[in-house]
Amino acid sequence: MGRRILGNFLALGGAQLVTMATGIITAVVLARALGPAVYGIIGFGVAVLSYFGLLVNMGMDVHGVREISRRPEFGNHLVGMIISTRIVFAAVLYAALVAAAPLFGWSEEVRNVLMIQGVGMFGVALTLDFYYQAEQRMAVAALRQGGAAIIGAIAVVALIKTPFDIYKAAAVPVAVQVASALVLLIFFRATRPSQIAAEGAPARGQFIRRAAPVALITVLGTIYINMDIVILGYLVPEHQVGLYVAASRVAMIGVVFQNLAHSAFFPALSQAYGDDAEAAAAAANHARSVSYFGGAVGGAGMLLAPAIVAILFGASYAEAAPALTILMANVLAFHLGAAYGTPILAWQCDKPYMVILGAGAGANIALNLILIPVYGIEGAAIATLVTQLLILIALMALARKAFNLRQYGLMIRTLAITALSVGAVWVAIKIIGGGVGPWPLLILGGTLYVAIYSVLAIASGIISLPELWALAKRGG
């Protein structure tokens, strides 16, 4: 299992590094070319359409991974069933979007952006990454993700120059998503096993019912991740929305490593379900991975947020730095929550997980409505962080009750060494003085932070060099 997880981790890691790099390029080009107000419209549309995409998917990708990883002979049958069902959902939801858009009082520009971005629902419907994730052949999915990211970045750089390119900015990611999904679908049809085993496979209705709790979990999770942007779109000017979208895009890049660990470990955790020793080992390795990355990325982001904003987006986005600082603290909390959330989801403890995220979504909406009118975009960031902390506490309690899964020592060590590392580098920056430019501050401060944090992580047992070396030799 170690070799397979490592291979998947490396394959997805390469794709995620490419995605992260191109995501930064795309965000910078769009933010600078469009300006905060127009960039806010694009971000608002992405936030709204994210919920439509989740309804198209209806949790079928996650449940498909669980089913196919346990019964590979059902793979072809389930792929056909999932794709056809999601296409129908996408068509119905796009028609609903067209009919309902005039009722919300959005400007014509916002409506047009939503109509363009809505086509992306069909890209969601056609995406086959779940099949290769279940088969633990993640290099295929990684190639699609990395290729799409590169092509999308090139298109953005070539085509987006001024705020008048708003519709091109909305269309580029949609076109790339649909095209890459179609290419992978063609590849699947050309290389799939010839034998199709449908006897004993779940029927369409049964499959959708079993996937529905996962869909609701995902929707509820997305509410507390990006409902702040939707609410901001109604409560603050578009300029402020654009500032927050810029900060949130950086924070989203910060969770790339968590997404990578989730994709790499989820099939192994699903397969280990029922074997207590193997499940505990996989959960422990996953927890250490996400905790290390959470402290590394979240701590560095909190420390260096002003420099990051200045370098990526320029002076016109300087007011986004405080919100980014708070959101990077949320990145750390998000990783710690994933140490419990991914095993809980893999081991099909869906309903309690759904209740926790439902309560979190309700709390997030209430906190946003209370804090945004008072504190603006910083209030939205605080609402996100508080919600994530509440969810983390609830997930810890659920994991202990349902699976006797306890990672308390790991959590405490991660928080402690993150705080120590941030404090040490902050003192060093103060000693150097305030005249350091953003680039030297980012390079020197980031390098020093990662070095101190990694040494402390090794010393505290969060990561183990001998274990990593042994795993690398097995993987090689």
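Preceding this section is the structure that the text describes.
Calculation notes
- Residues numbered from 1 in each chain as written.
- Predicted model: local features only at pLDDT ≥ 70, side-chain atom pairs only at ≥ 80, totals over all residues.
- Heavy atoms only, no water.
- Helix = DSSP H or I, 4+ residues; strand = E, 2+ residues; numbered from the N terminus.
- Rg over C-alpha atoms; globule rule 2.2 N^0.38 Å.
- Buried < 20%, exposed > 50% of the residue type's maximum accessible area, 1.4 Å probe, protein only.
- Contact = heavy atoms within 4.5 Å.
- Areas by Shrake-Rupley, 256 points an atom, 1.4 Å probe, with all protein chains shown as cover.
- Lys, Arg positive; Asp, Glu negative; His and termini not counted.
- Charge placed at Lys NZ, Arg CZ, Asp CG, Glu CD.
- Phe/Tyr/Trp six-rings, centres within 6.5 Å; stacked < 30°, edge-to-face > 60°.
- Core = buried A, V, L, I, M, F, W, Y, C linked by side-chain atoms within 4.5 Å.
- Salt bridge = Lys/Arg side-chain N within 4 Å of Asp/Glu carboxyl O.
- Axes fitted to C-alpha atoms, helices over the stretch in contact; angles between N-to-C directions.
- Parallel < 35°, antiparallel > 145°, perpendicular 65-115°, else oblique.
- Left-handed = near helix turned anticlockwise from the far one by under 90°.
- Expected span 1.5 Å × (residues − 1).
- Patch = residues over 30% accessible without salt bridge, like charges linked within 9 Å, V, L, I, M, F, W, Y side chains within 5 Å.
- Polar contact = N/O pair within 3.5 Å; in protein donor to acceptor, adjacent residues only side chain to side chain.
- Nonpolar A, V, L, I, M, F, W, Y, C, P; charged D, E, K, R; others polar.

### Structural notes on the overall build of the protein chain
No. 1: Along its length, the protein chain carries 18 helices and zero strands.
No. 2: A globule of 476 residues ought to have a C-alpha radius of gyration of about 23 Å, and the protein chain, at 22 Å, matches this closely.
No. 3: Per-residue burial for the protein chain yields a buried fraction of 54% across its 476 residues.
No. 4: Counting only contacts in the protein chain whose residues sit at least 6 apart along the sequence, the fraction spanning at least 24 positions is 87%.
No. 5: Summing over all exposed atoms, the protein chain offers an accessible surface of approximately 19,800 Å²; the carbon and sulfur share of this is 70%.
No. 6: Here the protein chain carries 27 positive and 18 negative side-chain charges, and the mean point of each set is 6 Å from the other.

### Focus: the packing of aromatic side chains
No. 1: A complete count under the given rule lists 13 aromatic pairs for this structure.
No. 2: Ring geometry for Tyr449 and Tyr453: centres 5.7 Å apart, planes at 15 degrees, overall stacked. Taken together, the positions of Tyr449 and Tyr453, both in helix α17 (residues 438–459) and four residues apart, correspond to about one turn of that helix. Tyr453 shares its class with Tyr449; the two are buried.
No. 3: Linked through ring pairs, Phe257, Tyr292, Phe293, Tyr449 and Tyr453 together constitute an aromatic cluster.

### Quick word on unusual backbone geometry
No. 1: The backbone of Gln348 shows a phi angle near 60 degrees, a positive value even though the residue is not glycine.
No. 2: Along the polypeptide, Gln348 turns up in the loop between α13 (321–346) and α14 (350–375).
No. 3: The backbone of Asn404 shows a phi angle near 55 degrees, a positive value even though the residue is not glycine.
No. 4: Structurally, Asn404 can be placed in the loop between α15 (377–403) and α16 (408–432).

### Looking at the side chain of Thr387
No. 1: Structurally, Thr387 is set in helix α15.
No. 2: For Thr387, the residues in contact, after removing those within four places along its chain, are Tyr224, Gly360, Ala363, Asn364 and Leu367.

### Some thoughts on the nonpolar core
No. 1: Core analysis: the largest hydrophobic core is formed by 160 residues, its most contacted members being Tyr39, Leu128, Tyr244, Phe313 and Tyr340.
No. 2: Here the element with the most residues in this core is helix α1 (residues 2–57); it accounts for 19 residues.

### Quick word on the pattern of salt bridges
No. 1: Within this structure, the stated rule accounts for five salt bridges.
No. 2: Taking the shortest distance from any N to any O, the salt bridge between Asp350 and Arg66 comes out at 3.1 Å. Taken together, the residues span a long stretch of sequence, with Asp350 in helix α14 and Arg66 in helix α2 (residues 60–70) at a distance of 284 residues.
No. 3: Taking the relative accessible area as the measure of exposure, Asp350 reaches 8% and is therefore buried.
No. 4: Looking at Arg66, the relative accessible area reads 1%, which means it is buried.

### What to know about the packing of helix α11 (residues 256–272) against α13
No. 1: At a minimum axis distance of 9 Å, the contact between α11 and α13 shows a crossing angle of 25 degrees. With respect to α13, the element α11 is oriented roughly parallel. Note on packing geometry: the crossing formed by α11 with α13 is right-handed. On α13, the residues that touch Phe257, Gln258, His262, Phe266, Leu269 and Ser270 of α11 are Phe334, His335, Ala338, Thr342, Pro343, Leu345 and Ala346.

### With respect to helix α10 (residues 238–254)
No. 1: Relative to the 24 Å expected for 17 residues at 1.5 Å per residue, α10 spans 24 Å between its end C-alpha atoms, a close match to the ideal helical length.
No. 2: Among the 17 residues of α10, 13 are classified as buried, and the element is accordingly described as predominantly covered.

### A few points about the environment of Pro173
No. 1: As for its position among the elements, Pro173 is in helix α8 (residues 166–191).
No. 2: Here the alpha-carbon distance between Pro173 and Ala155, two residues 18 residues apart in the chain, equals 8.9 Å.

### Observations concerning a nonpolar patch on the surface
No. 1: Taken together, the side chains of Leu103, Phe104, Tyr234, Leu235, Ile365 and Leu369 present a nonpolar region at the surface, about 620 Å² in accessible area.
No. 2: At the level of secondary structure, the elements contributing two or more residues to the nonpolar patch comprise α9 (204–235) and α14.
No. 3: Within the element layout of this structure, Leu235 appears in helix α9.
No. 4: Leu235 gets classed as partly exposed once you look at its relative accessible area, which sits at 42%.

### A few points about the side chain of Thr342
No. 1: Among the structural elements, Thr342 can be located in helix α13.
No. 2: There is a polar contact of 3.0 Å between the side chain of Thr342 and the side chain of His262.
No. 3: Contact partners of Thr342, with chain neighbours within four places excluded, come to Gln258, His262, Phe266, Leu269 and His286.

### Points about the environment of Gly295
No. 1: Here Gly295 is to be found in helix α12 (residues 276–313).
No. 2: It is 30 Å that separates the C-alpha atoms of Gly295 and Ile42, two residues lying 253 residues apart in sequence.
No. 3: Contacts of Gly295, omitting those with residues within four sequence positions, involve Ala300, Leu332, Thr414, Thr418, Tyr449 and Tyr453.

### Observations concerning the environment of His286
No. 1: Here His286 lies in helix α12.
No. 2: Residue His286 is classed as buried on the basis of its relative accessible area of 0%.
No. 3: As for His286 and Ala149, which are separated by 137 residues in sequence, their C-alpha atoms are 26 Å apart.
No. 4: If near-sequence neighbours (up to four positions away) are discounted, His286 is found in contact with Ala261, His262, Phe265, Ala338, Ala339, Thr342 and Pro343.

### What about the packing of α2 against helix α3 (residues 75–100)?
No. 1: Closest axis-to-axis distance for the α2/α3 pair is 11 Å, and the angle between their directions is 170 degrees. For the element pair α2 / α3, the angle class is roughly antiparallel. Contacts between α2 and α3 involve Met60, Asp61, Gly64, Glu67 and Ile68 on the former and, on the latter, Gly75, Leu78, Ile82, Thr85, Arg86 and Phe89.
No. 2: Residue composition of the contact of α2 with α3, by class: five nonpolar, three polar and three charged.

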